[in-house]
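Report on the structure
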Amino acid sequence: MLQKSSLTLRDGTKLDDLIMRDTNEVSLRVMTDEELYHHEMERIFAKTWLLLGHESEIPKAGDFIIRDMAEDNVIVARDADGSVNVSLNVCPHRGMRVCLGEAGNKRVHQCIYHGWAFKPNGDFIGAPIEKEKMHGNNVEKATLNLKKARVHLYGGLIFATWNVDGPSFDEYLGDIKYYMDQLFCRTDSGLELLGPPQRFVLPCNWKVPGEQSGSDGFHTLTLHRSLMEGGVMGGTAETIYDQAPGMYGVDVSCEQGHSLRCLEAEKTFKMFADIPFEGKSTEERLNLLTPPGITKEMIPELFKNLSEDQVEQLATFPPQVGGMFPNVLLAFIFAPRTDGGASGALTLHTYMPKGPDRVEFVNYIFAEKDAPEQVKRDMLQNAIQATGTSGTIEQDDADVWPVIMRNARGGVSKHITLKYQALHGEERPEGWKGGGMLYPGFTKDDTQWNWWLAYHKLMSEA
Amino acid sequence: MTTTKSTAAPDSTTILRGLSSNRRVPLGSAVYNALLETLYDEAAALDERRFDDWVAMLEEDLVYTAPIRLTRTGPNRDRDVMRTMFHFDESYGSILMRTGRMQKSAWAEDPPSRCRRFVTNVRIGECDAAGEYEVVSYLFLERSRGDNPENEHMTAERRDIWRYVNGCYKLTKREIIVDQSVLGMSNFAVFL
Ligand code: FES
Ligand SMILES: [Fe+2]
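The text that follows walks through the structure, step by step, so that each part is easy to find. (Residues numbered from 1 in each chain as written. Chains lettered and ligands numbered in written order. Predicted model: local features only at pLDDT ≥ 70, side-chain atom pairs only at ≥ 80, totals over all residues. Heavy atoms only, no water.)

Attention now moves to the overall build of chain B. Secondary structure assignment for chain B yields 3 helices and 7 strands. Mapped from its N terminus to its C terminus, chain B presents α and β elements in the order β-α-α-β-β-α-β-β-β-β. For 192 residues, the compact-globule estimate of 2.2 N^0.38 gives 16 Å, and chain B sits close to it at 17 Å. Principal axes of the C-alpha set define a box for chain B whose edges measure 45 × 40 × 35 Å. The buried share of chain B, reckoned over its 192 residues, is 54%. Positive and negative charge centroids in chain B, built from 26 and 29 side chains respectively, lie 4 Å apart. (Helix = DSSP H or I, 4+ residues; strand = E, 2+ residues; numbered from the N terminus. Rg over C-alpha atoms; globule rule 2.2 N^0.38 Å. Buried < 20%, exposed > 50% of the residue type's maximum accessible area, 1.4 Å probe, protein only. Lys, Arg positive; Asp, Glu negative; His and termini not counted. Charge placed at Lys NZ, Arg CZ, Asp CG, Glu CD.)

So this is what it looks like as structure tokens:
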């Protein structure tokens, strides 16, 4: 028996009326409802871990970047002791932004309104004219620090949460960590962000791209048809639905709502189809075809940083696309080039809510830090040409989402439901080493439904 | 040499200041007029989605980029063009791939946007290489999608190099400096 959610909207609608767990449907109304959005800000975005960037963006003491945790603007800064700190970019004096640039280096952040000053770690230093005590007569300075978030670095990725006593980052990641480690914690020097993220705004609710980030593999065949037409993935324009390249693999997810699609390269991409993998060891396979972003020189590092089982999976079924609940999409994909340049594109997106009907798409593009400059250059180009602002894959996604949003406003349309009824059900493939919930075969709705269950769970916790 | 890719570091950014050439091609001169006409023809080819005509205006060594902008304060306040990250990072070959895609299933432009490219403030200088011209222009793009009555728009400066080949000018380099650090346009499925 499913436990009923206690969340009820002012008009009497219950969360359980919007997310129908008995029939695997979600009312389109969730995309526009303002009241629900305010609950999301408190119950999800003020509670869970959020991705804010990568520590390679701020290598030196005093370096800072300005990022958003939903609609809360924060300063992400490296302190003199090397630590990464996240503090609210709201002056506790009268509410001005303390930091107005988007990036830079400062040992002291001074508010331009009345001059209150703060350290990179958010500690209050003082107000001008010290002897006049303009911060208050009997107020302890320590109470005037910028509001600080709890920070966790994972593979150099900067995560933060306002939930200071909440679940640890590892608890938040859950069973997906085994797979994520294969992407983020596999080399000695780790990843490097190749430049500041691309940012653009879409007129839709954050959950429109959000639910897709729960590993919607199926849309690739139709929306991203041009990938097949261009001959990159297997098949031709005529055989797309017969051959269904990229549809068969192992989808993994966990109750926290994260998911990944693990795909065999040779069954996904035409140009890898004839590689003689049969009977080869893990190491031989890696040498025949390195996972996206990895060079041959880094292969020994994989064995050093990961377990043998993890490396074996990376060599056979590398995780390629997926998401972290609530608003991260990741793509660590093969991106075959015709000019002999380095294949592979590594990107992460965050979909930051900017009101019920606006979302900011932030596109982070990576390479392994130790990769040669030319490899980084090629991978930057691969990612820009495929994803984000102008990417030939994702410009089609950006075209669909605002239209769904316009539909969701109709008095009749908003009662239409999103369907997640094509389910495979959990099944452990033979010989599979990793944990989590597993869905082998054709990619179905299971992982996206788990995304909604994670949403339902957080929204039900007051 | 590895270059820093740090977001915070200002040394990976650049100041924008005028023309790099000091040999000015004066407004109203024959070369100026011919290049201005070329820019107008190019805008018309793109607005009318005559991609073959547009590609015919491109050189095969084309470098076509759109660096991102990043707001800075203090001594680095003018260093706001980040040439470590781009919205576009294209070659002649990748442009052909993009225009080829337009003939097939590019849903982002099917149905097509209706675009108007307004090109103004054209300043031209002679490059060191004979027959090459530095052409800086402002671009204002209005884009209408489907039956949405609200247009998307975008402003940018374009820093081009046009080369005189066989009686006409061809584009060999374009850098599109958009004005927004967070783009208000939902994608760049159109050329700038
Ligand atoms: S608001 Fe910041 S010092 Fe007054
Ligand atoms: Fe997509």
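Still to come is the rest of the account.
Attention now goes to the interface of chain B and chain A. The interface of chain B with chain A comprises 42 residues on the first partner and 48 residues on the second. At the boundary of chain B with chain A, total buried surface from both sides reaches about 3,800 Å², with 51% on carbon and sulfur atoms. Counting across the interface, chain B meets chain A through 5 salt bridges. As a salt-bridge pair, B:Arg101 and A:Asp396 come within 2.9 Å of each other at their nearest N and O atoms. Where chain B packs against chain A, one counts 31 residue pairs in polar contact (both at pLDDT 80 or more). Broken down by secondary-structure element, the contributors of at least two residues to the side of chain B that touches chain A are β3 (81-91) and α3 (92-102) of chain B. Among the elements that make up the side of chain B that touches chain A, the one with the highest residue count is β3(B) (8 residues). Taken together, the residues of the side of chain B that touches chain A sort by class into 18 nonpolar, 15 polar and 9 charged. (Contact = heavy atoms within 4.5 Å. Buried area = accessible area lost by both parts, 1.4 Å probe. Salt bridge = Lys/Arg side-chain N within 4 Å of Asp/Glu carboxyl O. Polar contact = N/O pair within 3.5 Å; in protein donor to acceptor, adjacent residues only side chain to side chain. Nonpolar A, V, L, I, M, F, W, Y, C, P; charged D, E, K, R; others polar.)

Residues and elements named next belong to chain A. Looking at the iron ion (ligand 2), one finds its protein donor set to be His219 (NE2), His224 (NE2), Asp397 (OD) and Asp397 (OD), positioned 2.1 to 2.4 Å from the metal centre. Metal-centred angles of 55 to 149° between the 4 donor atoms at the iron ion (ligand 2) mark the site as irregular. As a motif over one chain, the donors of the iron ion (ligand 2) read H-x4-H-x172-D. A residue pair is termed long-range when its members are at least 10 positions apart, and histidine 224 in the loop between α6 (219-223) and α7 (225-229) and aspartate 397 in helix α14 (residues 394-408) qualify at 173 residues. By relative accessible area, which is 4% here, histidine 224 ends up buried. Taking the relative accessible area as the measure of exposure, aspartate 397 reaches 3% and is therefore buried. (Donors = N, O, S within 2.8 Å, 3.2 Å for Na, K, Ca; no water. Tetrahedral: all angles 85-135°; square planar, octahedral: opposite > 155°, others 65-115°.)

So, on to unusual backbone geometry. Residues and elements named next belong to chain A. Between phenylalanine 325 and proline 326 the backbone carries a cis peptide bond, its omega angle lying at 5°. Within the secondary structure layout, proline 326 lies in the loop between β17 (319-324) and β18 (328-333). Residue alanine 70 is not a glycine yet carries a positive backbone phi of 55°. Taking the relative accessible area as the measure of exposure, alanine 70 reaches 1% and is therefore buried. Phi at serine 215 takes a positive value of approximately 70°, unusual for a residue other than glycine. For serine 215, the position within the fold is in the loop between α5 (207-212) and α6.

Further remarks concern α3(B). For α3(B), the complete set of buried residues consists of B:Tyr92, B:Ser94, B:Ile95, B:Arg98, B:Thr99, B:Arg101 and B:Met102. For α3(B), the elements touching its buried residues are α7, α13 (373-386) and α14 of chain A together with α2 (51-55), β2 (58-69) and β3 of chain B.

It is worth spelling out the layout of surface pockets at this point. Its volume calculated, the second largest pocket comes out at about 730 Å³. When contributions to the lining of the second largest pocket are tallied by element, the ones reaching two or more residues are β14 (198-202) and α14 of chain A together with β6 (152-165) of chain B. (1 Å grid on protein atoms, 1.4 Å probe; cavity = no way out; pocket = protein on both sides within 12 Å on 5 of 7 lines; lining within 4 Å. Points joined across faces, edges and corners; volume = space filled by probe spheres on them.)

Residue and element names in this part refer to chain A. The strand order across the open sheet built from 3 strands is β3-β12-β11, with neighbouring strands paired in antiparallel fashion. Edge strands, defined here as strands with exactly one partner in the open sheet, are β3 (50-54) and β11 (150-154). On average, each strand axis in the sheet is tilted by 30° relative to the strand beside it, whichever way the strands run. Bridge count between β3 and strand β12 (residues 157-161): 4 bridges; the pairing is antiparallel. Along β12, the bridge assignment pairs leucine 50 with alanine 160. (Pairing = 2+ DSSP bridges. Axes fitted to C-alpha atoms, helices over the stretch in contact; angles between N-to-C directions.)

Residue and element names in this part refer to chain A. Axis separation between helix α4 (residues 177-184) and helix α12 (residues 308-316) bottoms out at 10 Å; the angle between their running directions is 70°. Judged by the angle between their axes, α4 and α12 are roughly perpendicular. The element α4 and its partner α12 pack so that their crossing is right-handed. Seen from α4, the contacting residues are Tyr178, Tyr179, Asp181 and Gln182; seen from α12, they are Asp309, Gln310, Gln313 and Leu314. (Parallel < 35°, antiparallel > 145°, perpendicular 65-115°, else oblique. Left-handed = near helix turned anticlockwise from the far one by under 90°.)

As a working rule, side chains carrying opposite charge can pair if their charged atoms are close by. Under the definition given, this model contains 49 salt bridges over all chains. Salt-bridge contacts for A:Asp11 lead to A:Arg29; the nearest nitrogen and oxygen are separated by 3.2 Å. With A:Asp11 in the segment before α1 (15-18) and A:Arg29 in the loop between β2 (25-27) and α2 (34-45), this pair connects stretches of sequence that are 18 residues apart. The exposure class assigned to A:Arg29 is buried, which follows from its relative accessible area of 10%. B:Arg163 is the salt-bridge partner of B:Glu59, the closest N and O atoms lying 2.6 Å from each other. One end of the pair, B:Glu59, is in strand β2; the other, B:Arg163, is in strand β6, and 104 residues separate them in sequence. Comparing B:Glu59 with B:Arg163, the two get one shared label, buried. Members of the salt-bridge network, linked through shared partners, are A:Asp68, A:Glu102, A:Arg199, A:Lys354 and A:Glu360.

Attention shifts here to the packing of α2(A) against helix α15 (residues 446-460) of chain A. Residues and elements named next belong to chain A. Two numbers describe how α2 lies on α15: the axes approach to 9 Å, and their chain directions differ by 85°. On the basis of the axis angle, α2 is roughly perpendicular to α15. Contacts from Leu36, His39, Glu40, Arg43 and Ile44 in α2 reach Tyr455, Leu458, Met459 and Ser460 in α15. Per-class residue counts for the contact of α2 with α15 are 5 nonpolar, 2 polar and 2 charged.

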